[in-house]
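# Examining the three-dimensional arrangement
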Amino acid sequence: MNTIIRLSLVPIFVVLAGLSGCASVETAATTVGSSIERVAERIVHPFSPAPASRPAPAGLDDYKTQVAQHVVQHNPGHTYEGQLPALLPAIVVLEITVDKNGQLTNVEVRRSRDPNASRIALAAVRRSTPLPRPRQLALATGKLTFSETFLFADRDRYQLRSLAGPQASE
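Residues numbered from 1 in each chain as written. Predicted model: local features only at pLDDT ≥ 70, side-chain atom pairs only at ≥ 80, totals over all residues. Heavy atoms only, no water.

### Points about the nonpolar core
Grouped together as the largest cluster of nonpolar side chains are 24 residues, with contacts concentrated most on Leu94, Ile96, Phe150, Phe152 and Tyr158. If you list the elements that add at least two residues to this core, you get helix 3 (60-74), strand 1 (90-99), helix 4 (115-127), strand 3 (143-152) and strand 4 (158-160). Setting aside residues no more than four positions away along its own chain, Leu94 makes contact with Val107, Glu108, Val109, Arg110, Ala121, Leu122, Val125, Phe146, Ser147, Glu148 and Phe150. (Core = buried A, V, L, I, M, F, W, Y, C linked by side-chain atoms within 4.5 Å. Buried < 20%, exposed > 50% of the residue type's maximum accessible area, 1.4 Å probe, protein only. Helix = DSSP H or I, 4+ residues; strand = E, 2+ residues; numbered from the N terminus. Contact = heavy atoms within 4.5 Å.)

### Section: the side chain of Glu148
Relative to the helices and strands, Glu148 resides in strand 3. Despite its burial, Glu148 pairs with no opposite charge, the nearest such side chain being Lys64 at 5.3 Å. Separated by 3.3 Å, the side chain of Glu148 and the backbone nitrogen of Arg161 make a polar contact. Side-chain polar atoms of Glu148 contact the side chain of Ser162, separated by 2.6 Å. Beyond its immediate stretch of four places on either side in the chain, Glu148 contacts Lys64, Ala68, Val92, Val93, Leu94, Ile96, Leu160, Arg161 and Ser162. (Lys, Arg positive; Asp, Glu negative; His and termini not counted. Salt bridge = Lys/Arg side-chain N within 4 Å of Asp/Glu carboxyl O. Polar contact = N/O pair within 3.5 Å; in protein donor to acceptor, adjacent residues only side chain to side chain.)

### Things to note about the environment of Gln159
Mapping Gln159 onto the fold places it in strand 4. The contact partners of Gln159, leaving out residues within four places of it in the chain, are Tyr80, Glu81, Gly82, Leu84, Thr149, Phe150, Leu151, Ala164 and Gly165. There is a polar contact of 2.5 Å between the side chain of Gln159 and the backbone oxygen of Gly82.

### Description of the pairing of strand 3
Most of strand 3 is tucked away, with 7 of its 10 residues classed as buried. Here strand 1 pairs with strand 3 via 10 bridges, running antiparallel. Across the sheet, the residue bridging to Leu94 is Glu148, located in strand 3. The sheet contact formed by strand 3 and strand 4 spans 3 bridges and is antiparallel. Its bridge partner lying in strand 4, Leu151 is registered against Gln159. (Pairing = 2+ DSSP bridges.)

### Considering the packing of aromatic side chains
Considering all chains together, one arrives at 3 aromatic pairs under this definition. Taken together, a centroid distance of 5.5 Å and an interplanar angle of 85° make the contact between Tyr63 and Phe146 edge-to-face. Of this pair, Tyr63 sits in helix 3 while Phe146 sits in strand 3, and the two are 83 residues apart along the sequence. Here the two residues Tyr63 and Phe146 agree in accessibility, since each one is buried. With 4.9 Å between their ring centres and 65° between their planes, Phe150 and Tyr158 make a pair best called edge-to-face. Just as Phe150 is buried, Tyr158 falls in that class too. Following the ring pairs from residue to residue traces out a cluster consisting of Phe150, Phe152 and Tyr158. (Phe/Tyr/Trp six-rings, centres within 6.5 Å; stacked < 30°, edge-to-face > 60°.)

### A look at the confidence of the model for the chain
Of all residues in the chain, 66% attain a pLDDT of 70 or more, and the chain-wide mean is 78. Below a pLDDT of 50 lies the segment residues 2-7, which in the model reaches 9 contacts outside its immediate sequence neighbourhood of four places, other chains included. Low pLDDT, under 50, characterises residues 9-35; the stretch is placed with 14 contacts to residues that sit more than four places away or in other chains. (pLDDT = per-residue confidence, 0-100.)

Structure below.
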C-alpha cells in the first residue's frame, strides 16, 4: 500500500518541483517520495512501537509522562478529554513494574475503592504493553517500579495523573 501511494504521488511532485524551479527535480522527487512513505506508514501502522531513536527519559517524571502518553494512545475509548470534574467518582493508584525492555513484569492496585475502575485501569496498562523502555532508569536492577494514578471522570473514562491538567473547583 505504501508503494502504491508513493508511486502515484511522485509524478505530481516531480512536475511541481520542475515548475517551482528546483535545481534538481530528481532530488525533490526522492525527498517528497520518502516523506510520503513515512506518512503512509503512520496511517497504516498508527500504534507501531516507538522507534529506537526515542530520547531516553531525563528522569522518572519524564518516563512516567512517556508511559502515560503510551497508555492513552492504546486506550482511546477510555480516556477523558477536557477538565476533570471537581468530584471524581474513582481514583485508582497502580504500582507498575517493567523490565529494561519495557515488558510488564507486575502491575498491582495500591489504592482504590471501586473494583470496576480498578479493572479498567489494570486492563489499560496490560493492553499497552510493551511500555516504553526505561533505559538508564533500570540499569541497576534490570527493572523499574513506579506508580501511576488513574483519575476517573465517570464510570469508564479517566485521565492519568502524569498528563492531567487542573481539576475543576467546586
